[in-house]
Amino acid sequence: MFLERFCAKWDRLPARLARQDWLAVFVELVVVVAGILIALGFDQWAEERADRQRERQYLARLHDDLEIELSGVIAAEGWAAARLDAVEKLDSLIKTPERARNDPAMVPWAIETSTWRSFPAVSAFVYRELQDTGQMRLITSFELRRQLADHYGQIANDARVGEDRLAEERFDAGAAGLLSTQELLEFEELEGEVRELNVTPDRAEELARALAARPDAIREIPSVGQHHQFNLRVLGGMKARIGELQSLIESEQRRLGD
């Protein structure tokens, strides 16, 4: 309806110009310009309203994605702490193999798990989607955009060390063959539950002395421990940044009326 009236007024302008009806021409022009500005303003308002709705959706998804990420970080902290415990036990057993008799099941557990992964897999799915689709502009908070970029940039930087498992691979190569096939199968079946492993004190000491005679494995133990200690420190930083990001997202959600 508005468009039809606008076109009708526009079509009448040549006739009024021909009659030199300047007042009518002026009025028509004012009406036409006002109509254009109103239409543009309405379009802009509608677009901004749609953008804010999409921003709310992305903020909610970012918050959920970070919650999943936080769960992974907390789990990885447990992994890293367990790996460090295994490394410390290996270091003690190498110096004093007879200590293996005090807790026999800990020996194969330490040998097998000291080299397991301790850095989490981070997908950053929603953040990557915002970047890849050019929708990052929807996040109106400059501070939130900056902190997201800093967070995932730091993760990418830390992952170069956190996911580098060369020392673990060298230890595994040096310690290969210490555990029997049956022991490895039992360990896998029990999913690494150390207390359930069936290991005699004699076998535990035998394993400890055999490890102490493997210099290629021994020389990698400090590097393996350093790797897990690095990851534990990095994970603490990740957890703190996630908390800050979630607080900032919640603040933006309140501002937008969620």
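Here, every reference points to the structure presented above.
Here's what I pulled together on the structure shown here. From a predicted model like this one, the values you see are computed outputs, not experimental measurements. (Residues numbered from 1 in each chain as written. Predicted model: local features only at pLDDT ≥ 70, side-chain atom pairs only at ≥ 80, totals over all residues. Heavy atoms only, no water.)

Looking only at helices and strands, one finds ten helices and zero strands in the chain. Looking at the chain as a whole, 40% of its 258 residues are labelled buried. Taking the contacts inside the chain whose residues are at least 6 apart along the sequence as the reference set, 86% of them involve residues at least 24 apart. Summed over all atoms, the accessible surface of the chain reaches about 14900 Å², with 55% contributed by carbon and sulfur. (Helix = DSSP H or I, 4+ residues; strand = E, 2+ residues; numbered from the N terminus. Buried < 20%, exposed > 50% of the residue type's maximum accessible area, 1.4 Å probe, protein only. Contact = heavy atoms within 4.5 Å. Areas by Shrake-Rupley, 256 points an atom, 1.4 Å probe, with all protein chains shown as cover.)

On to the nonpolar core. Grouped together as the largest cluster of nonpolar side chains are 30 residues, with contacts concentrated most on Leu62, Leu130, Ile139, Leu144, Leu148 and Tyr152. Here Leu62 is in contact with Val126, Tyr127, Leu130, Ile139, Leu148 and Ile249, once residues within four sequence places are set aside. Judged by nonpolar contacts, the second largest core, of 28 residues, contains Leu90, Ile111, Leu179 and Ala217. (Core = buried A, V, L, I, M, F, W, Y, C linked by side-chain atoms within 4.5 Å.)

This brings us to the packing of aromatic side chains. Applying the stated criterion across every chain, the model contains two aromatic pairs. Relative to Phe187, the ring of Trp116 lies with its centre 5.8 Å away and its plane at 75°, an arrangement referred to as edge-to-face. Remark: Phe187 occurs in helix α7 (residues 181-189) and Trp116 occurs in the loop between α3 (106-113) and α4 (125-132); sequence separation between them is 71 residues. Take Trp116: its relative accessible area is 31%, and that puts it in the partly exposed class. (Phe/Tyr/Trp six-rings, centres within 6.5 Å; stacked < 30°, edge-to-face > 60°.)

The next subject is helix α10 (residues 221-255). Helix length check: α10 (35 residues) gives 51 Å between terminal C-alpha atoms against 51 Å at 1.5 Å per residue, within 8%. Just downstream of α10, Gly257 is the residue with a positive phi angle, here 95°. (Expected span 1.5 Å × (residues − 1).)

Our focus in this paragraph is the packing of α3 against helix α8 (residues 201-212). At a closest axis distance of 8 Å, the pairing of α3 and α8 adopts a crossing angle of 40°. Every residue of α8 that contacts α3 at Val107, Pro108 and Ile111 is listed here: Ala204, Leu207, Ala208 and Leu211. Class assignment for the residues of the contact of α3 with α8 results in seven nonpolar, no polar and no charged. (Axes fitted to C-alpha atoms, helices over the stretch in contact; angles between N-to-C directions. Nonpolar A, V, L, I, M, F, W, Y, C, P; charged D, E, K, R; others polar.)

Moving on, we get to the environment of Gln53. Inspection of the secondary structure assignment puts Gln53 in helix α2 (residues 22-95). For Gln53, a relative accessible area of 38% translates into the label partly exposed. Sequence separation between Gln53 and Leu138 is 85 residues; the distance between their C-alpha atoms is 9.4 Å.

Enumeration over the complete set of coordinates arrives at 18 salt bridges. A salt bridge links Glu143 to Arg146; the shortest N-O distance between them is 2.5 Å. With Glu143 and Arg146 both in helix α5 (residues 142-162) and three residues apart, the pair spans about one turn of that helix. We classify Glu143 as partly exposed; its relative accessible area is 31%. Arg146 sits in the partly exposed class, given a relative accessible area of 35%. Between Glu206 and Arg203 there is a salt bridge, and its shortest N-O distance comes to 3.3 Å. With Glu206 and Arg203 both in helix α8, this residue pair falls three residues apart, about one helical turn. Salt bridges sharing common partners tie together Glu98, Arg101, Asp202, Glu205 and Arg209. (Salt bridge = Lys/Arg side-chain N within 4 Å of Asp/Glu carboxyl O.)

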